[in-house]
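An overview of the molecular structure
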Amino acid sequence: MLIPLILSGGSGTRLWPISRKNLPKQFLSLTGNETLFQQTTQRSMGLEEVAAPIVVASDGHRFLAAEQLQELKIEGASILLEPMARNTAPAIAVGAMQAMARNTDAIILVLPADHLIGDNESFRTAVAKALPLAEMGWLVTFGIRPDRPETGFGYIRRGEPLENAAFQVAQFVEKPKLDVATHYLASGEYDWNSGMFMFRASRYLEELGLHAPAMLQAAQAAFDKAIADLDFVRLDAEAFSSAPNVSIDYAVMEKTTRAALVPVSCEWSDIGSWDALWLAADKDVNGNHLEGDVIAMDTKGSLIRSHDRHLVATVGLEDIIVVTTPDATLVARRDASQDVKKIVEELKSAGRTEHDLHRAVRRPWGMFDSLESGDRFQVKRIVVKPGASLSLQMHHHRAEHWIVVKGVAEVTCDDKVFLLAENQSTYLPLGSKHRLRNPGKVPVELIEVQSGSYLGEDDIVRFDDVYGRA
């Protein structure tokens, strides 16, 4: 049985301000209509004799992952929730345990959720070549044939040939400097390290026990103590936190004697920076990739992305990144786009929220957009999906007014339950128990006006919630 194991715990800080902790790049539509997570899942489900996927995701992204799987109409998937990030080695370990719970002889295909592959046929061919090697006990990694001296990727040096045009792994190499990367490209002996793997779940756990026994013990304890939460498997936080924060390369692949490499020649990118997205994107005759309301005069080799109806105009620029969102704008040289993560670090150290949340915040019931705020007031636009409901809740520090602008809302306020139609409003006093539900078949939209001494999202006391939130 071949089971895709999709790793979806990344934060994508180099793609700020589009990618943020609350909504990272794998759950965004950066190329095409589907998100990178959905593209990865679709690609894996297009393989022969493949089972429903296992997804390892951050606890904070659980509803994003579930909703995007539902949009693809994928049933039977397992979603394991990491209580905190611990890199790829422990994530793959708990995924392997989940696979063996389905089938003790399972082979897992490990796929990062945020990679772009432009040639699915080459990908399927490579998977078919890797499968018999995995069945023989090899730990297979997929190497991307380089087409340029890239300094942003790790490399793998080929060793002795194996069957199916594969090779033993001779060496894993860190991201090189340009002259070294140029040598690697010319030699033909090196491939980019894709971060994709295939092996028997049992073989990976066996190797992990040999080379990182403490990690295996922590992962096993986290899995054994996991609890079911709605459609999710919630790993034990205390046990998982004791797992070393180490990648699969360091923990296993660099130490095992049974690492194999299957080369893949395809359009591939880890979309690790705005420059990488520019390389992968369609471009006009001036080498520009333009999205949204953009006027680019005498501009070349640039990626310019405008949010909604916000006009961005450039004159006389070359090799520039310009990205706007409702609350932030990034301007950078393309060759400096790897350093965007430094902006995220600065935002964190300054105690700001722009690294974490977008102005529009998704929730399992829909979304809210903070339109305006000031001293003792905040205005939000709230959208509730058909059939969805907010928690029954109260606030210690704020009162709220709700004005319905579209659809019909069912409102609970203390012991009263009533309907609000378009252009109707209600007042929710401070301390009242209240809930908003959409009983209809179209989204409900309303304007919420908050007033009070403290308006933070953590001023919520939940009494009942269909989504299991504390």
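The rules we used
Residues numbered from 1 in each chain as written. Predicted model: local features only at pLDDT ≥ 70, side-chain atom pairs only at ≥ 80, totals over all residues. Heavy atoms only, no water. UniProt positions renumbered as here; feature names shortened; annotations may be inferred. Helix = DSSP H or I, 4+ residues; strand = E, 2+ residues; numbered from the N terminus. Expected span 1.5 Å × (residues − 1). Buried < 20%, exposed > 50% of the residue type's maximum accessible area, 1.4 Å probe, protein only. Polar contact = N/O pair within 3.5 Å; in protein donor to acceptor, adjacent residues only side chain to side chain. Phe/Tyr/Trp six-rings, centres within 6.5 Å; stacked < 30°, edge-to-face > 60°. pLDDT = per-residue confidence, 0-100. Arc of directions from axis to C-beta. Contact = heavy atoms within 4.5 Å. Domains from an automatic or database assignment. Buried area = accessible area lost by both parts, 1.4 Å probe. Salt bridge = Lys/Arg side-chain N within 4 Å of Asp/Glu carboxyl O. Nonpolar A, V, L, I, M, F, W, Y, C, P; charged D, E, K, R; others polar.

An unreviewed UniProt entry lists the protein chain under the name Xanthan biosynthesis protein XanB, with Dyella solisilvae given as the organism. Among the UniProt annotations of the protein chain, the heading Function (unreviewed entry) holds the following wording: "Involved in xanthan production."

Here we come to helix α4 (residues 120-135). Here α4 contains 16 residues, and its C-alpha end-to-end distance of 23 Å stays within 8% of the 22 Å for a straight helix at 1.5 Å per residue. What α4 keeps buried is the set S122, F123, A126, V127, A130, L133 and A134. At the N-terminal end of α4, a side-chain oxygen is found 3.3 Å from the backbone nitrogen of E121, two or three residues along, and the residue is D119. G137, located one to two residues past α4, shows a positive phi value of around 100°.

Our next topic: the packing of aromatic side chains. Counted according to the given criterion, the structure contains 10 aromatic pairs. Ring centres 5.3 Å apart and planes at 50° place the aromatic pair F27 and F37 in the tilted group. Here F27 is found in the loop between β1 (2-8) and α1 (36-45), whereas its partner F37 is found in helix α1, with 10 residues between them in sequence. Each member of the pair F27 and F37 is classed as buried. Judged by centre distance (4.9 Å) and plane angle (70°), the ring pair of F153 and W192 falls under edge-to-face.

Model confidence for the protein chain is summarised by a mean pLDDT of 94, while 100% of its residues fall at 70 or above. Within the protein chain, no element has a lower average pLDDT than strand β20 (residues 360-363), which sits at 89, and none a higher one than strand β4 (residues 107-112), at 98.

Restricting attention to buried positions, one finds in helix α11 (residues 340-349) the residues V340, V344 and L347. Each buried residue of α11 sits inside an arc of 60° when the element is viewed along its axis, so together they form one side. Counted as exposed and oriented over 90 degrees from the buried face of α11: E346 and S349. Buried-residue contacts for α11 involve α10 (274-280) and β19 (329-333).

Assigned domains within the protein chain: domain 1 (2-269), domain 2 (276-337) and domain 3 (360-464). Centre-to-centre separation of domain 1 and domain 3, based on C-alpha positions: 40 Å. Facing 5 residues of domain 1, the contacting portion of domain 3 comprises 5 residues. A combined buried area of about 400 Å² lies between domain 1 and domain 3, and 51% of that area is made up of carbon and sulfur atoms. For domain 1, the biggest contributors to the area lost against domain 3 are N22, F63 and E67; these three give 65% of the whole. The tally of links from domain 1 across to domain 3 stands at 1 salt bridge. A salt bridge links K385 to E67; the shortest N-O distance between them is 2.7 Å. A class-by-class count of the residues in the side of domain 1 that touches domain 3 yields 3 nonpolar, 1 polar and 1 charged.

The next point concerns the environment of E121. The residue E121 is located in helix α4 in this model. Given a relative accessible area of 47%, E121 falls into the partly exposed group. For E121 and R43, which are 78 residues apart along the polypeptide, the C-alpha to C-alpha distance reads 9.8 Å. Polar contacts involving the side chain of E121 include one to the side chain of R124, which spans 2.9 Å.

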